[in-house]
Amino acid sequence: MKRKIRDSSWSKALNSEFSKFYMQELGEFLNQEKREGKTILPPKNLWFHALNSTPLDEVKVLILGQDPYPTKGHAHGLCFSALDPIEPLPKSLNNIYKELKSDLNIDNSHSANLSPWAEQGVLLLNAVLTVEEGVANAHKGRGWEQFTDKIIELVSSECENVVFVLWGAYAQKKSRLIDEKKHLILKAPHPSPLSAYRGFWGSKPFSKINAYLEQEAKKPINWQLS
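The rules behind each value
Residues numbered from 1 in each chain as written. Predicted model: local features only at pLDDT ≥ 70, side-chain atom pairs only at ≥ 80, totals over all residues. Heavy atoms only, no water. Salt bridge = Lys/Arg side-chain N within 4 Å of Asp/Glu carboxyl O. Helix = DSSP H or I, 4+ residues; strand = E, 2+ residues; numbered from the N terminus. Buried < 20%, exposed > 50% of the residue type's maximum accessible area, 1.4 Å probe, protein only. Axes fitted to C-alpha atoms, helices over the stretch in contact; angles between N-to-C directions. Parallel < 35°, antiparallel > 145°, perpendicular 65-115°, else oblique. Contact = heavy atoms within 4.5 Å. Nonpolar A, V, L, I, M, F, W, Y, C, P; charged D, E, K, R; others polar. Pairing = 2+ DSSP bridges. 1 Å grid on protein atoms, 1.4 Å probe; cavity = no way out; pocket = protein on both sides within 12 Å on 5 of 7 lines; lining within 4 Å. Points joined across faces, edges and corners; volume = space filled by probe spheres on them. Polar contact = N/O pair within 3.5 Å; in protein donor to acceptor, adjacent residues only side chain to side chain.

*Asks:* Got a minute to help me understand the pattern of salt bridges in this structure?
*Replies:* For side chains of opposite charge, pairing can occur when their charged atoms come near one another. Taken as a whole and judged by the stated rule, the model has 7 salt bridges. Close ionic contact of K182 with E160 constitutes a salt bridge, the shortest N to O distance being 3.8 Å. Note that K182 is positioned in the loop between α7 (169–172) and β6 (184–188) and E160 in the loop between α6 (144–158) and β5 (163–167), a separation of 22 residues in sequence. Accessibility expressed as a relative area gives 48% for E160, which makes it partly exposed. By sharing partners, the salt bridges in this structure join E33, E36 and K38 into a single network.

*Asks:* When you look at the packing of helix α2 (residues 21–35) against α6 in this model, what are you seeing that I'm missing?
*Replies:* Helix-helix packing is characterised by the crossing angle of the two axes and by the distance between the axes. Contact geometry of α2 with α6 gives a least axis separation of 9 Å together with a crossing angle of 130 degrees. Accordingly, the angle class assigned to the pair α2 and α6 is oblique. Each of Y22, M23, L26 and L30 in α2 lies in contact with α6, whose residues at this interface are W144, Q146 and F147. When grouped by side-chain class, the residues that make up the contact of α2 with α6 number 6 nonpolar, 1 polar and no charged.

*Asks:* Would you explain the pairing of β5 in this entry?
*Replies:* On a regular strand, one side chain projects to one face of the sheet and the next to the other, so that they alternate. Of all 5 residues making up β5, 5 are buried, and the element is well covered by its neighbours. Inspection of the sheet shows strand β2 (residues 61–65) paired to β5 by 4 bridges, in the parallel sense. Of the residues in β5, the one forming a bridge with L64 is L166. Bridge analysis of β5 against β6 gives 5 bridges, and the strand direction is parallel. The residue bridging F164 from the neighbouring strand is I185, located in β6.

*Asks:* Help me out: how do you make sense of the pairing of strand β3 (residues 122–126) in this one?
*Replies:* Of all 5 residues in β3, 5 are buried, a share of seventy percent or more. Because side chains alternate across β3, one face comprises the buried residues V122, L124 and N126, and the other comprises L123 and L125, equally buried. The sheet contact formed by β2 and β3 spans 5 bridges and is parallel. Across the sheet, G65 pairs through a bridge with N126, a residue of β3.

*Asks:* Explain the layout of surface pockets here, please?
*Replies:* Over the atoms, a rolled probe matching the size of one water molecule traces out where space is still vacant. The space that makes up the largest pocket amounts to roughly 520 Å³. Considering the residues around the largest pocket, the lining is formed by 28 residues, among which D67, P68, Y69, P70 and S92 are closest to the centre. Partitioning the lining of the largest pocket into residue classes produces 14 nonpolar, 12 polar and 2 charged. When its volume is computed, the second largest pocket comes out at roughly 190 Å³. The wall of the second largest pocket is formed by L64, G65, Q66, W167, G168, A169, Y170, A171, H190, S192, L194 and S195. Of all the secondary-structure elements, those providing two or more residues to the lining of the second largest pocket are β2 and α7. Of all the elements, α7 adds the most residues to the lining of the second largest pocket, at 3 residues. Of the residues that constitute the lining of the second largest pocket, the class distribution is 6 nonpolar, 6 polar and no charged.

*Asks:* How should I be thinking about the environment of S53 in this particular structure?
*Replies:* Along the chain, S53 falls in helix α3 (residues 49–53). Taking C-alpha positions, S53 is 8.1 Å from D7, a pair spaced 46 residues apart along the chain. Apart from residues no more than four positions distant in its own chain, S53 is found in contact with L78, A118 and E119. Here H49 takes part through its backbone oxygen, which lies 2.7 Å from a polar atom of the side chain of S53.

*Asks:* Looking at this structure, how should I read empty space enclosed by the protein?
*Replies:* Under the defined criterion, the tally for this structure stands at 1 cavity of 30 Å³ or more. The volume enclosed by the largest cavity comes to roughly 30 Å³. Lining of the largest cavity is provided by Q66, D67, V128, N137, H139, K140 and Y170.

Function-wise, these values are silent; they only describe arrangement.
And the structure:
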């Protein structure tokens, strides 16, 4: 697979991963998918958009998702985020916004694009960076997880006092990659309508993130989208 990471901090840190066998296999799988006429989302130039939007040395928060939206025109490389205009909002994002409104009285229902969060140091990382159009989880187990595990490990080892937001059992398994002595881990049920009622509601992640950042003399996140 060709290196498409423009940000120098990530490109340098991840350079050796691209020569490993698992990444070569992943690249061949994705090429075969294209040869078979399947549409891969997001577009290739956005596969590493989360890394290009939030440099390694600027990460303050890491929110972990599972895989991109499988609807063409929605996914753009940031977990839970979608390109505008989109109506209705994706269900999990809608629930994230409901909790934000309850937590900090911020209403972001006008936009699904979370790029302003990424630009402030919120790494919006999916565990799997691509998907086949119309088929959720189609690229699960093909190698992306090993690559994104490395990203999580790098944030844990290279950064200080990061808030890792792990929503749902799938994300929470990644806590093994994080040094809890250096960082804050926030765990809650996934914001999906299938699980939000189990404790996502009332978990107040946004105020907890900002309280921790301020405690560590870091600038808090402005969660309001313009």
